[in-house]
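Below, each chain spelled out in residue letters.
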Amino acid sequence: MKSYLRLLAALAALAFAVSARAAEELNLFGWSEYIPQPVIDGFTKETGIKVNFETYSSNEELLSKLVAGGGSYDIVQPSDYTAEVMIRQKLLAPLDLSKLPHLKNLDPEFTHCGHDPEGKYTVPYMSGTVGIVVNTERVKTPIKGYRDVFDPKFKGRIVVLNDNREIVSWALDTLNLPVNTITAANLAKARPLVADWVKLVKVFDSDSPKTALLNGDCDLGIVWSGEAAILWNQSKKFQYVIPAEGAHRFIDVLAIPAEAKNKDAAHKFIDYILRPEVSVLISDAFPYTNPNAEARKHLSAEALANPASYPKGGGKIETFRDIGKAAADIDRLVTDLKSAR
Ligand code: N2P
């Protein structure tokens, strides 16, 4: 009888362990068109951890949902400057670096940067720039910078990111004003430029700005470099130009919200992403600048020669920083001007 009870207890424990494993989940909140589904599926297949994947189109959307949603996300994917805001607001959990053995694969150029100097909260996912794409079959004049794009003759032929901080930074760069020290006076100077520019734009799209260029709806774009790289792979008529007035370079990261409920699974996912063979799959689908030095060794010569993914030289390239309350002023400015156009 005793051994029968012991057997029963063992079976119950086993059933509990199996159900606990089956119940393990990960709530991933990431940029659209950035994390390939096969990568997520591969992680689930290997670990048994079910991934619930939600996407967003801007850092502002991520930030507001994270603040409102409390503990519902286990991994988020902010850009560097938004990670900086999250660290300041204590919205991120410190990472347990002992659970991330593949961190060593990262190129030090992308780690310990201004947004997270001690590398305590964030792991670089992909990097990139924001630049101009020109359909050179349709646009015959030289396009070097923002002023060339926002020429009235291109009205209705332009697609740009639907991203207010980006748009204002193009105007500030054009006026040779700083993009990270935002004053009311400088925003007032940028305003007329932005007002003129938004009237020329046909499509605002941060998710897939390549689409309007591919289907011929637009001939010029200001887009994420990974989008430009996909266009280049489709046809060499789509040329990528780093704007002469200055360009934005971002490092998008993976981080764990302070309130996350599945922190262990989150570390497992981050380390999975850091494996070279997984990271290569990400580069193949979304050819941004891969910060993983080991993965880069496995990229094709063609992938490494893509001028949008791995631009050579170029002028002034800056990262964005946390600008505090001025972010709301920028948002208001562009939202007003867009609705007035
Ligand atoms: C992916 C957009 C990622 C770039 N669709 C944003 N920094």
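Structure: above.
Residues numbered from 1 in each chain as written. Predicted model: local features only at pLDDT ≥ 70, side-chain atom pairs only at ≥ 80, totals over all residues. Heavy atoms only, no water.

Student: Which parts of the structure should I look at to understand the overall build of the protein chain?
Tutor: If you tally the helices and strands in the protein chain, you get 14 helices and 10 strands. Considering only C-alpha atoms, the protein chain reaches an extent of 90 × 45 × 35 Å along its principal axes. Within the span of the protein chain, comprising 341 residues, buried residues form 52% of the whole. Sequence separation of at least 24 residues holds for 75% of the intrachain contacts in the protein chain that already meet a minimum separation of 6. When the accessible surface of the protein chain is summed, it comes to about 15,200 Å², and 56% of that surface belongs to carbon and sulfur atoms. (Helix = DSSP H or I, 4+ residues; strand = E, 2+ residues; numbered from the N terminus. Buried < 20%, exposed > 50% of the residue type's maximum accessible area, 1.4 Å probe, protein only. Contact = heavy atoms within 4.5 Å. Areas by Shrake-Rupley, 256 points an atom, 1.4 Å probe, with all protein chains shown as cover.)

Student: What should I look at first to understand empty space enclosed by the protein in this one?
Tutor: Under the counting rule described, the total for this entry stands at four cavities of 30 Å³ or more. Roughly 160 Å³ of volume is contained in the largest cavity. W31, Y34, W224, D252 and Y288 are, among the 17 residues lining the largest cavity, the residues nearest its centre. Grouping the amino acids of the lining of the largest cavity by side-chain chemistry returns six nonpolar, five polar and six charged. (1 Å grid on protein atoms, 1.4 Å probe; cavity = no way out; pocket = protein on both sides within 12 Å on 5 of 7 lines; lining within 4 Å. Points joined across faces, edges and corners; volume = space filled by probe spheres on them. Nonpolar A, V, L, I, M, F, W, Y, C, P; charged D, E, K, R; others polar.)

Student: Would you mind going over helix α4 (residues 80–88) with me for this structure?
Tutor: Counting buried residues in α4 gives seven out of nine residues, a clear majority hidden from the surface. D80, Y81, T82, A83, E84, V85 and M86 are the residues of α4 that are buried. Looking at the buried positions of α4, the neighbouring elements they touch are α3 (59–69), β3 (75–76), α6 (164–174) and β9 (247–254). Downstream of α4 by one or two residues, K90 has phi in the positive range, about 60 degrees.

Student: Mind showing me how you'd approach the sheet that holds strand β2 (residues 50–56) here?
Tutor: Sheet strands pair by backbone hydrogen bonding; their relative direction is either parallel or antiparallel. With parallel pairing, three strands are arranged side by side in an open sheet as β2-β1-β3. Where the open sheet ends on each side, the last strands, each with one partner, are β2 and β3. Across seven bridges, strand β1 (residues 25–31) lies against β2 in parallel orientation. For G30, the partnering residue across the bridge sits in β2 and is T55. Those strands touched by helix α10 (residues 263–273) are β1 and β3, and its axis lies near 50 degrees from that of β1. (Pairing = 2+ DSSP bridges. Axes fitted to C-alpha atoms, helices over the stretch in contact; angles between N-to-C directions.)

Student: Where do I start with the environment of V85 in this structure?
Tutor: Position of V85 relative to the elements: it lies in helix α4. Judged by relative accessible area, which is 11%, V85 ranks as buried. In the structure, V85 is positioned 221 residues away from N306 in sequence and 32 Å away in space, judged by C-alpha atoms. In this view, V85 contacts L63 and D322; residues no more than four positions away in its chain are not counted.

Student: Help me understand the pattern of salt bridges in this model?
Tutor: Between side chains of opposite charge, a pair can form as their charged atoms come close. Enumeration over the complete set of coordinates arrives at 19 salt bridges. Overlapping salt bridges bring together E24, K99, D264 and K268 as one network. (Salt bridge = Lys/Arg side-chain N within 4 Å of Asp/Glu carboxyl O.)

Student: Please explain the packing of aromatic side chains as it appears in this structure.
Tutor: Geometrically, a pair of aromatic rings is defined through the distance of the ring centres and the angle of the planes. Tallying each qualifying case throughout the model produces 14 aromatic pairs. Plain terms: the ring middles of F43 and Y272 are 5.4 Å apart, the flat faces sit at 65 degrees to each other, and that makes the pair edge-to-face. Separated by 229 residues along the polypeptide, F43 in helix α2 (residues 37–47) and Y272 in helix α10 bring together distant segments of the chain. Pairing W224 with F250 gives two aromatic rings, centres 5.7 Å apart and planes at 85 degrees, and the pair type is edge-to-face. Here W224 is found in strand β7 (residues 220–224), whereas its partner F250 is found in strand β9, with 26 residues between them in sequence. Between R165 and the ring centre of Y81, over which it is positioned, the NZ or CZ distance is 4.8 Å. (Phe/Tyr/Trp six-rings, centres within 6.5 Å; stacked < 30°, edge-to-face > 60°. Lys NZ or Arg CZ within 6 Å of the ring centre and 35° of its normal.)

Student: Could you clarify how one ought to interpret the layout of surface pockets in this entry?
Tutor: Vacant regions in the atomic arrangement are exposed by a probe of water-molecule size rolled over the atoms. There is about 300 Å³ of room inside the largest pocket. Lining the largest pocket are 19 residues, and of these E60, L63, V85, G324 and A327 lie nearest its centre. Of all the secondary structure elements, the ones that give two or more residues to the lining of the largest pocket are α3, α4, α6 and α14 (326–339). Tallied by class, residues from the lining of the largest pocket come to seven nonpolar, five polar and seven charged. Taken together, domain 1 (2–127 + 251–304) and domain 2 (128–249 + 311–340) each give at least three residues to the lining of the largest pocket, which thus spans both. (Domains from an automatic or database assignment.)

Student: Help me understand α2 in this model?
Tutor: Residues separated by three or four positions in an α-helix point in the same direction, a consequence of the helix having 3.6 residues per turn. Residues of α2 that are buried include every one of V39, I40, F43 and T47, and no others. Looking down the long axis of α2, one finds its buried residues gathered within 100 degrees of arc, a one-sided arrangement. What points out from α2, more than 90 degrees from its buried face, is the exposed set P38 and K45. Remark: G48 follows α2 within two positions and exhibits a positive phi of approximately 80 degrees. (Arc of directions from axis to C-beta.)

Student: Would you explain the side chain of T122 in this entry?
Tutor: Position of T122 relative to the elements: it lies in the loop between α4 and β4 (123–135). Engagement of the side chain of T122 in a polar contact is seen with the side chain of D116, the distance being 2.8 Å. Excluding residues within four positions of it along the chain, T122 makes contact with A83, I87, L92, L95, H115, D116, V253, L254 and A255. (Polar contact = N/O pair within 3.5 Å; in protein donor to acceptor, adjacent residues only side chain to side chain.)

Spatial relationships are all this shows, so hold off on functional conclusions.
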